[in-house]
Amino acid sequence: MIDLEPLWITCKLALVTTAILLVISIPIANWLANSKNRLKLIVEALVSMPLVLPPSVLGFYFLMAFGPAHGFGHFLEHYFNARLVFSFSGLVVASVIYSLPFMVHPIQSGLSGLSPHLMEASFSLGKSRIETLFKVLLPNIKPSLLTGIVLAFAHTIGEFGVVLMIGGNIPGQTRVASIAIYDEVEAMNYHNANIYAFILFATTFVILLTVYFVNHRYAITKQL
Amino acid sequence: MISFSIHKTLQTSIGKMPLDISCEIPKGQLAAVYGASGAGKTTMLRILAGLLAPETGKINIGSEVWLDTARKINLPTQKRNIGIVFQDYALFPNMAVRRNLEYALENGHDNKVVDELLEIMELGQLSSRYPDTLSGGQKQRVALARALVRKPTLLLLDEPLSALDNDMRAKLQDHILQVHRHYELTTILVSHDISEVFKMCDKIFVLENGLITKEGTPTEIFANQQVSGKFQFTGEVLSIEKEDIVYVVSVLINNSIVKVVAVEDDIVNLKQGDRVLVFTKAFNPIIRKIEY
């Protein structure tokens, strides 16, 4: 029988990461959708970097940054007694950055797709930016929010390189399902690897199918 | 009294164009800013609404100062008591008609005004419908009602009727006039439709390439001033047909077609689609192309 713990850790990591991403991506996406600041291009490029960068590059820099021997890691360890490398919290931080574009991009394009008059009409009715965002803008981009949530969740499930570099392979802490597959293959346990692989395969397929189905339905009801 | 003077350099497809406007509009008037697209009408409206900042300028609404670049005052849109109706309506799709209006209420305000507006704008039966299920004219009525919930000091209408067909347009013009009088509003209508401006407005500002080139009452602006007809209407030439030695010109005035007899001299300048003034002098209707 396979060890279920890696699956649980994967699931927990994906949930925590998605929740954090949702909270931080909304202001980022809102800023990117509305700002005319020149810094916007730089921020956009940075947010998109994880899409093209090899995960090992990110993992390497995380390792450098969070390791107790270097600046930020040293600061954390010294003042907060926290160590981000080879720990679950480290995995969360790395995953948040690694999956950031998958949450920010759909929300940003959803917000950009709305008529700017919606926001301006709300302002003219005396409503603040925050109230406008939560009562007018976000409720009208539900499909984009759903897409962002699901893509970020699914992408975190599929993480491998970053997790391996920064999390190591500590059973019960940082050994996620994708790493467990690698482990089982290394140990020639193809049967177990197959079970893990199939579970991930089926889960991500069902998740993505659900999103496309829901968004398709939404598009149809909007047309009616 | 609403008075403003604003200056802003606009980037257009043909290069930079200065927008330089000074206007005074007495309280309770319905003023129109008339001009071709690209003349700067919408930009002016956006500056009044606080959605865009001019390089220099002043906006005084009665004793309130909304903008004074010299004193570094520029109230945000939220602090200016305005109502805006956009060309694309900008109704909130996630809210039913009644919710769209209630959203405009300040916290704790009772929604008697919402009920009243739903009734005036004949929206009672539509109050639980969502914007996506409404026709253009219905959406425009909701947008107008929503803009009035806060009893604005200044109502700004940005080509509010251009997307509607003629019947609907006439009906909405009546609605706008009705609420303008009922709530004693000061209204600025931006439009490039002569008949609309002519029918509705007390005062017209003609905006050309960023500058106000003419201002006055509709008749002063659009009709030749020396005409002293007993009655006069504006309309659009539908057809010009020759019958024996005279010409019969069919003119669309509001929704009715009027046939006017004209001689060759009268129609030299006329072609289908021209805007014309139809008036009587003595007893014969005379037709003349409107120059402006």
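Reading guide: rules and limits
- Counting starts from 1 at the beginning of each chain's written sequence and moves along it residue by residue.
- Key to labels: chains lettered from A, ligands numbered from 1, both in the order written.
- For a predicted model such as this one, the threshold for reporting local features is a pLDDT of at least 70, and the threshold for listing and counting side-chain atom pairs is 80 or more; totals across whole chains, interfaces and linings nevertheless cover every residue.
- Note on conventions: DSSP H or I runs of at least 4 residues are helices, E runs of at least 2 residues are strands, and numbering of each starts at the N terminus.
- Taken over C-alpha atoms, the radius of gyration is set against a globule rule of 2.2 Å times the number of residues to the power 0.38.
- Exposure classification rests on a simple neighbour count of other C-beta atoms within 10 Å of a residue's own: a residue reaching 20 or more is buried, one at 12 or fewer is exposed, and one in between is partly exposed. C-beta atoms are placed from the backbone.
- Note on contacts: residues are paired as contacts if their backbone-placed C-beta atoms lie within 7 Å.
- Nonpolar residues are Ala, Val, Leu, Ile, Met, Phe, Trp, Tyr, Cys and Pro. Charged residues are Asp, Glu, Lys and Arg, and all others, Gly as well, are polar.
- Here an angle of 0 to 180 degrees is reported between the N-to-C directions of two axes, which are lines fitted to C-alpha atoms, with helices fitted over the stretch in contact.
- Working rule for angles: under 35 degrees goes down as roughly parallel, over 145 as roughly antiparallel, 65 to 115 as roughly perpendicular, anything else as oblique.
- Note on convention: the crossing is left-handed when the near helix lies turned anticlockwise from the far helix by less than a right angle, right-handed when the turn is clockwise.
- Each nonpolar core comprises buried Ala, Val, Leu, Ile, Met, Phe, Trp, Tyr and Cys residues, the members being joined through C-beta atoms within 7 Å.
- Whether two strands pair depends on DSSP finding at least two bridges between them.
- By this rule, a helix spans an expected 1.5 Å times one less than how many residues it contains.
- Starting at the helix axis, one direction is taken to each C-beta atom, and the arc is that of these directions.
- As a per-residue measure, pLDDT tells how confident the predictor is, with possible values from 0 to 100.
- For the domain bounds, the source is a domain assignment made automatically or taken from a database.

1. What about the overall build of chain B?
Inference 1: The secondary structure content of chain B amounts to 8 helices and 16 strands.
Inference 2: Expected size for 292 residues packed as a compact globule is a radius of gyration near 19 Å; at 21 Å, chain B falls within 12% of this value.
Inference 3: With respect to the three principal axes, the spread of C-alpha positions in chain B is 70 × 50 × 35 Å.
Inference 4: Per-residue burial for chain B yields a buried fraction of 37% across its 292 residues.
Inference 5: Across chain B, the fraction of contacts at a sequence separation of at least 24, relative to all contacts at a separation of at least 6, is 64%.

2. A word on the interface of chain A and chain B
Frequently, the measure chosen for interface size is the accessible area removed from exposure when the parts meet.
Inference 1: Each partner contributes to the interface: chain A provides 15 residues, whereas chain B provides 18 residues.
Inference 2: Among the elements that line the side of chain A that touches chain B, the one with the most residues is helix α6 (residues 116–124) of chain A, at 6 residues.
Inference 3: Across the side of chain A that touches chain B, the residue classes tally to 6 nonpolar, 6 polar and 3 charged.

3. Description of the packing of α6 of chain A against helix α7 (residues 129–137) of chain A
A pair of packed helices is captured by two measures, namely the crossing angle of their axes and the spacing between those axes.
All names here are of chain A.
Inference 1: Viewed as axis vectors pointing N to C, α6 and α7 meet at an angle of 125°, and their least axial separation amounts to 10 Å. Here α6 lies oblique to α7, going by the angle between them. The crossing of α6 and α7 is right-handed. Of the residues in α7, those in contact with Leu118, Met119, Ser122 and Phe123 of α6 are Thr132, Val136 and Leu137.

4. Topic: the nonpolar core
Inference 1: In terms of nonpolar packing, the biggest core is built from 116 residues, with Leu144, Ala145 and Leu156 of chain B touching the most fellow members.
Inference 2: Per-element accounting of this core gives the leading share, 10 residues, to helix α5 (residues 88–113) of chain A.
Inference 3: Here Leu144 of chain B is in contact with Val85, Met121, His175, Ile176 and Val179 of chain B, once residues within four sequence places are set aside.
Inference 4: Formed by 6 residues, the second largest nonpolar core is a distinct cluster that contains Val237, Val251, Leu277 and Ile287 of chain B.

5. Concerning the pairing of strand β2 (residues 15–25) of chain B
Inference 1: When strand β1 (residues 2–12) of chain B meets β2 of chain B, the two strands line up antiparallel, connected through 11 bridges. By the bridge assignment for β2 of chain B, Ser3 of chain B is matched with Glu24 of chain B.

6. Notes on helix α5 (residues 166–182) of chain B
All names here are of chain B.
Inference 1: With 17 residues, α5 extends 24 Å from end C-alpha to end C-alpha; this agrees with the ideal 24 Å at 1.5 Å per step.
Inference 2: The set of residues buried in α5 consists of Arg169, Leu172, Ile176, Val179 and His180. Burial along α5 is one-sided: seen end-on, the buried residues are contained in an arc of 105°. Structural note: α5 exposes Asp167, Asp174, Gln178, Arg181 and His182 on the side pointing more than 90 degrees away from its buried face.

7. A closer look at the confidence of the model for chain B
Inference 1: Mean pLDDT over chain B: 87, with 96% of residues reaching 70 or higher.
Inference 2: Here the predicted complex scores 0.80 on pTM and 0.82 on ipTM.

8. Some remarks on unusual backbone geometry
Inference 1: One non-glycine residue, Met188 of chain A, lies in positive phi territory at about 65°.
Inference 2: Locating Met188 of chain A in the fold gives a position in the loop between α10 (177–186) and α11 (190–223).
Inference 3: On the neighbour-count criterion, Met188 of chain A (9 C-beta atoms within 10 Å) is exposed.
Inference 4: Residues other than glycine seldom take positive phi values, yet Tyr89 of chain B does so here, at roughly 70°.
Inference 5: Residue Tyr89 of chain B is classed as buried on the basis of its 24 C-beta neighbours within 10 Å.

9. So, the domain arrangement of chain B
Residue and element names in this part refer to chain B.
Inference 1: If you check the domain split of chain B, you get domain 1 (2–222) and domain 2 (232–289).
Inference 2: A C-alpha centroid distance of 34 Å is found between domain 1 and domain 2.
Inference 3: Listed as interface residues are 6 residues of domain 1 and, on the opposing side, 4 residues of domain 2.
Inference 4: Breaking the side of domain 1 that touches domain 2 down by element, the ones donating at least two residues are α5 and α6 (194–200).
Inference 5: Residues that form the side of domain 1 that touches domain 2 fall into these classes: 3 nonpolar, 2 polar and 1 charged.

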